[in-house]
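# Understanding the architecture of this molecule
Here is how the chains run, residue by residue.
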Amino acid sequence: FLYYPEKKLIGFPATIYTTKGASSADPWSGERELTFSGYLVVKVEDGRFAVAGSLPGDETSEDGFERFDYDTVIERGLYIGDTLYTVSSAKLTAWSLDDYSKIGELQY
């Protein structure tokens with residue numbers, strides 16, 4: 001969990017699944033499908049939350065949707081100045097906090 005009070009931002013890794021074909025009696029009965037895997041940045045203003053940026057963790061999918069690779073699951077986020085860094089088992093990625101564009105990455 002990341003909290004950046006000066007910019008009123010909260011950040012956290014997120015893996016979101018949706019379920020298709022589930023019944024109300026058994027919500028686990030449907031087929032689970034990966035919807036998103038990455039890092040969410042939420043803006044806190046006037047007592048409200050709004051998603052400010054969604055940063056994909058899966059290098060095989062440009063927007064973080066549909067594909068899943070355990071090595072690229074984002075485990076942590078941190079910031080230095082106006083740059084947000086996400087950390088996974090495979091790489092460190094730098095993102096601009098102005099527009100959430102990728103600045104660069106270091107694979108290890």
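For the structure, check the block above.
Residues numbered from 1 in each chain as written. Predicted model: local features only at pLDDT ≥ 70, side-chain atom pairs only at ≥ 80, totals over all residues. Heavy atoms only, no water.

### Digging into the sheet that holds strand β8 (residues 102–107)
Here 4 strands make up an open sheet; going across it, the order is β5-β6-β7-β8 and the pairing antiparallel. Bordering the open sheet on either side are β5 (76–80) and β8, each of which pairs with just one other strand. Averaged over all adjacent pairs, the angle separating strand axes in this sheet is 20°, with direction ignored. (Pairing = 2+ DSSP bridges. Helix = DSSP H or I, 4+ residues; strand = E, 2+ residues; numbered from the N terminus. Axes fitted to C-alpha atoms, helices over the stretch in contact; angles between N-to-C directions.)

### As for empty space enclosed by the protein
Counted according to the given criterion, the structure contains 2 cavities of 30 Å³ or more. Computed from the structure, the largest cavity encloses a volume of approximately 50 Å³. As for the largest cavity, its lining consists of Pro56, Gly57, Thr72, Ile74, Thr86, Val87, Ser88, Lys91, Thr93 and Trp95. Elements with a minimum of two residues in the lining of the largest cavity: β6 (83–87) and β7 (91–96). Considering every element that reaches the lining of the largest cavity, the biggest residue donor is β7, with 3 residues. In terms of residue class, the lining of the largest cavity is made up of 4 nonpolar, 5 polar and 1 charged. Roughly 30 Å³ of volume is contained in the second largest cavity. Mapped by element, the contributors of at least two residues to the lining of the second largest cavity are β1 (2–4), β2 (9–20) and β3 (31–45). Residue classes in the lining of the second largest cavity are distributed as 8 nonpolar, 1 polar and no charged. (1 Å grid on protein atoms, 1.4 Å probe; cavity = no way out; pocket = protein on both sides within 12 Å on 5 of 7 lines; lining within 4 Å. Points joined across faces, edges and corners; volume = space filled by probe spheres on them. Nonpolar A, V, L, I, M, F, W, Y, C, P; charged D, E, K, R; others polar.)

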